[in-house]
Amino acid sequence: MRVHVADHPLIAHKLTYLRDKRTDSPTFRRLAEELMTLLAYEATRDVRVEPFEIETPVAPTTGIKLSNPKPLIVPILRAGLGMLEGMVRLLPSAEVGFLGMQRNEETLEAITYANRLPDDLSGRQVYVLDPMLATGGSMIDAIRFLLERGADDITAVTLLAAPEGIAAMETALADAGVPVQLVTGSIDERLNEVGYIVPGLGDAGDRLYGVV
Ligand SMILES: O=P(O)(O)OC[C@H]1O[C@H](OP(=O)(O)OP(=O)(O)O)[C@H](O)[C@@H]1O
Ligand SMILES: O=c1cc[nH]c(=O)[nH]1
Ligand SMILES: [Mg+2]
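Heads up: these notes are all about the structure in this document.

### Here's the deal with the coordination of the magnesium ion (ligand 3)
1) Next: On the protein side, the magnesium ion (ligand 3) has Asp203 (OD) and Asp203 (OD) as donor atoms, found 2.4 to 2.7 Å from it.
2) Next: Within the fold, Asp203 resides in the loop between strand 13 (197–198) and helix 6 (204–209).

Shown next, in the form of structure tokens:
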């Protein structure tokens, strides 16, 4: 699995304010969206394109355009929703599917409570958005779900990742048979005893949308 850490100073700056416990929800939402736009630039480096003939006012030339089928963006609810606008801004012609997942805070196992995705993803490039890769359970289940439907190139985009989650993804998806990438804003130190990323930013969903 290719792991890319987008270590740009603007990303580090925005992540610092995102992590700060004094940052309120409206600011957190704005920063998550801005961070996604910056990460999207890295995440889409291998987006599929094809030649496209045009004429400028001066001369004919061959450019490129996004290939069909267009990529599919899949935010993992709830927290992944906070990254969606930032991604769609860069890829306005992409389709969007949804996966609702919740981690049981005792067992740390993820359950899937909702999905709205095309049945057939063959030939599709898919971008899965979730700010937090902690144990990796949620992201691994999401990617397996997409693989079962035929997705043939998957990029997970996270704001933070724990080394434990990356290792779990590498093991669980070693036999995926298709390219799987991870693009993240930071690899943090570790998970704590209750499965939270350290230093992390707390519960991303709660910080975006409140404790429900
Ligand atoms: O790597 P894992 O150990 O699976 O943990 C990460 C998951 O936990 C959080 O979601 P949560 O279950 O809190 O749901 P929420 O987005 O609705 O808050 C986060 O957004 C990830 O989906
Ligand atoms: O640190 C963590 C771990 C899982 N989910 C979160 O929102 N934060
Ligand atoms: Mg949460």
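### Some words on the layout of surface pockets
The gaps of empty space that remain are located by a probe, the size of a water molecule, rolled over the atoms.
1) Next: Of the volumes computed, that of the largest pocket is approximately 650 Å³.
2) Next: Surrounding the largest pocket, 30 residues form its lining, Met101, Arg103, Glu105, Asp203 and Gly205 being those nearest its centre.
3) Next: If you list the elements that add at least two residues to the lining of the largest pocket, you get strand 4 (72–77), strand 6 (98–103), strand 9 (132–133), helix 4 (137–148) and helix 6.
4) Next: Of the residues assigned to the lining of the largest pocket, the class counts are 15 nonpolar, nine polar and six charged.

### What about the site of ligand 2?
1) Next: Ligand 2 sits among Arg103, Met132, Ala134, Gly195, Tyr196, Ile197, Gly202, Asp203 and Ala204.
2) Next: For ligand 2, an oxygen atom lies 2.9 Å from a polar atom in the backbone of Ile197.
3) Next: Within the backbone of Ala204, an N or O atom sits 2.8 Å from an oxygen atom of ligand 2.
4) Next: Taken by itself ligand 2 offers 240 Å² of open surface, and the protein chains cover 90% of this.
5) Next: Its atoms largely coinciding with the cavity grid, ligand 2 occupies the largest pocket.
6) Next: Here the residues of the shell around ligand 2 sort into five nonpolar, two polar and two charged.

### What to know about unusual backbone geometry
Peptide bonds are mostly trans, and most non-glycine residues show a negative phi.
1) Next: Asn68 connects to Pro69 through a cis peptide bond whose omega is -5°.
2) Next: You can see Pro69 is positioned in the loop between strand 3 (60–66) and strand 4.
3) Next: At the junction of Val198 and Pro199, the peptide bond is cis and its omega measures out at 0° in the coordinates.
4) Next: Of note, Leu108 is a non-glycine position whose phi angle comes to about 65°, a positive value.
5) Next: Secondary-structure assignment places Leu108 in the loop between strand 6 and strand 7 (110–116).

Quick notes on the rules
- Residues numbered from 1 in each chain as written.
- Chains lettered and ligands numbered in written order.
- Predicted model: local features only at pLDDT ≥ 70, side-chain atom pairs only at ≥ 80, totals over all residues.
- Heavy atoms only, no water.
- Donors = N, O, S within 2.8 Å, 3.2 Å for Na, K, Ca; no water.
- Helix = DSSP H or I, 4+ residues; strand = E, 2+ residues; numbered from the N terminus.
- 1 Å grid on protein atoms, 1.4 Å probe; cavity = no way out; pocket = protein on both sides within 12 Å on 5 of 7 lines; lining within 4 Å.
- Points joined across faces, edges and corners; volume = space filled by probe spheres on them.
- Nonpolar A, V, L, I, M, F, W, Y, C, P; charged D, E, K, R; others polar.
- Near = heavy atom within 4 Å.
- Polar contact = N/O pair within 3.5 Å; in protein donor to acceptor, adjacent residues only side chain to side chain.
- Areas by Shrake-Rupley, 256 points an atom, 1.4 Å probe, with all protein chains shown as cover.
- Sits in = over half its atoms within 2 Å of the grid points.

So yeah, pure geometry; function would need other evidence.
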